[in-house]
Amino acid sequence: MTASPDLDATRLASPDLLRSVFRRHAAGVAVITARGDAGPVGFTATSLSSVSAEPPLLSFGIGTGASSWPAVAETDHVGVHILGEHQQELATTFARSGADRFGAATAWREGPEGVPVLDDVQAWLLCRIVARVPAGDHRLVLAEVVLGDSTGPGRPLLYHQGRFHGLRD
């Protein structure tokens, strides 16, 4: 028999409750990149989801206050990179406000449509943005896969309880 939820611990909906619950939700780690007017931009995302196989669509969320939002709001294409467990430092760099995300420590190249493509990732996709849906203080971005590569090295990087982790068997 499984334990019942503790109804005495029930709290009304709030940003803190949502954050607390989703800290318990292990998620894969991706970096989204785009070409911006002042150069490449990117951010770490754990909100990446597959939406449709036909046509191949995915989604991710981005805060409208994020430094990458102006570029994502204007661009037609983004890069989606699935990080491996060997890339915790890269994930941290792209998650940190004010970091030099495309500095010397980040190996990348300009890909199709001018989108920055990160090196040594587990997989990457070039996607064409098809919609930006308002969702509170974020936008849910829907993007159609144009091309990609799923043959990169390593095991997946996960985010759980506010930290990055490797996958355990």
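These figures come from a predicted structure and were not determined experimentally.

Caption draft 1: Structural context of the nonpolar core. Ranked by size, the top nonpolar core spans 17 residues in total, and within it Ile32, Phe43, Phe60, Ile62, Val72 and Val78 carry the most contacts. Counting only elements with at least two residues in this core, the list comes to strand S2 (30-36), strand S3 (39-45), strand S5 (57-63), helix H2 (69-74), strand S6 (77-82), strand S9 (123-135) and strand S10 (138-149). Discounting residues that sit within four places of it in the chain, isoleucine 32 has contacts with Val41, Gly42, Phe43, Ala45, Phe60, Val78, Gly79 and Val80. Of all hydrophobic cores here, the second largest spans 15 residues; its members include Val29, Leu90, Val115 and Leu118.

Caption draft 2: Here's a closer look at the pattern of salt bridges. Inspection of every chain in the model, using the stated rule, returns four salt bridges. Among the salt bridges present, the one from arginine 155 reaches glutamate 85, with a minimum N-O distance of 3.9 Å. Here arginine 155, found in the loop between S10 and strand S11 (157-160), pairs with glutamate 85, found in the loop between S6 and helix H3 (88-95); they are 70 residues apart in sequence, far enough to count as distant. Note on glutamate 85: relative accessible area 30%, which makes it partly exposed. The residue glutamate 144 makes a salt bridge to arginine 128 at a minimum N-O spacing of 2.7 Å. Taken together, the residues glutamate 144 in strand S10 and arginine 128 in strand S9 connect sequence positions 16 residues apart. Overall, glutamate 144 belongs to the partly exposed group, its relative accessible area being 22%. Residue class for arginine 128 comes out partly exposed when judged on its relative accessible area of 35%.

Caption draft 3: Summary view of the layout of surface pockets. Considered as a void within the structure, the largest pocket measures approximately 1,200 Å³ in volume. What lines the largest pocket is a set of 30 residues, and nearest its centre among them are Arg19, Phe22, Thr46, Ser47 and His138. Contributing elements (two or more residues each) for the lining of the largest pocket: helix H1 (15-23), S3, S5 and S11. If one sorts the elements of the lining of the largest pocket by residue count, H1 sits on top with five residues.

Caption draft 4: Fine view of the side chain of threonine 93. Positionally, threonine 93 belongs in helix H3. Apart from residues lying up to four places away in sequence, threonine 93 is in contact with Ala99, Asp100 and Arg101.

Caption draft 5: Quick look at the sheet that holds strand S12 (residues 163-166). Within the open sheet, the three strands sit side by side as S1-S11-S12. Their pairing is antiparallel. Unpaired on one side and paired on the other, strand S1 (27-28) and S12 mark the two borders of the sheet.

Caption draft 6: Highlighting a nonpolar patch on the surface. Residues Leu18, Val21 and Phe22 make up a contiguous nonpolar surface patch of about 310 Å² in total accessible area. Position of phenylalanine 22 among the secondary structure elements: in helix H1.

Caption draft 7: Spotlight on the environment of valine 21. Along the chain, valine 21 turns up in helix H1. When its relative accessible area of 45% is taken as the criterion, valine 21 is described as partly exposed. Taking C-alpha positions, valine 21 is 25 Å from leucine 90, a pair spaced 69 residues apart along the chain.

Cut-off values and rules
- Residues numbered from 1 in each chain as written.
- Predicted model: local features only at pLDDT ≥ 70, side-chain atom pairs only at ≥ 80, totals over all residues.
- Heavy atoms only, no water.
- Core = buried A, V, L, I, M, F, W, Y, C linked by side-chain atoms within 4.5 Å.
- Buried < 20%, exposed > 50% of the residue type's maximum accessible area, 1.4 Å probe, protein only.
- Helix = DSSP H or I, 4+ residues; strand = E, 2+ residues; numbered from the N terminus.
- Contact = heavy atoms within 4.5 Å.
- Salt bridge = Lys/Arg side-chain N within 4 Å of Asp/Glu carboxyl O.
- 1 Å grid on protein atoms, 1.4 Å probe; cavity = no way out; pocket = protein on both sides within 12 Å on 5 of 7 lines; lining within 4 Å.
- Points joined across faces, edges and corners; volume = space filled by probe spheres on them.
- Pairing = 2+ DSSP bridges.
- Patch = residues over 30% accessible without salt bridge, like charges linked within 9 Å, V, L, I, M, F, W, Y side chains within 5 Å.
- Areas by Shrake-Rupley, 256 points an atom, 1.4 Å probe, with all protein chains shown as cover.

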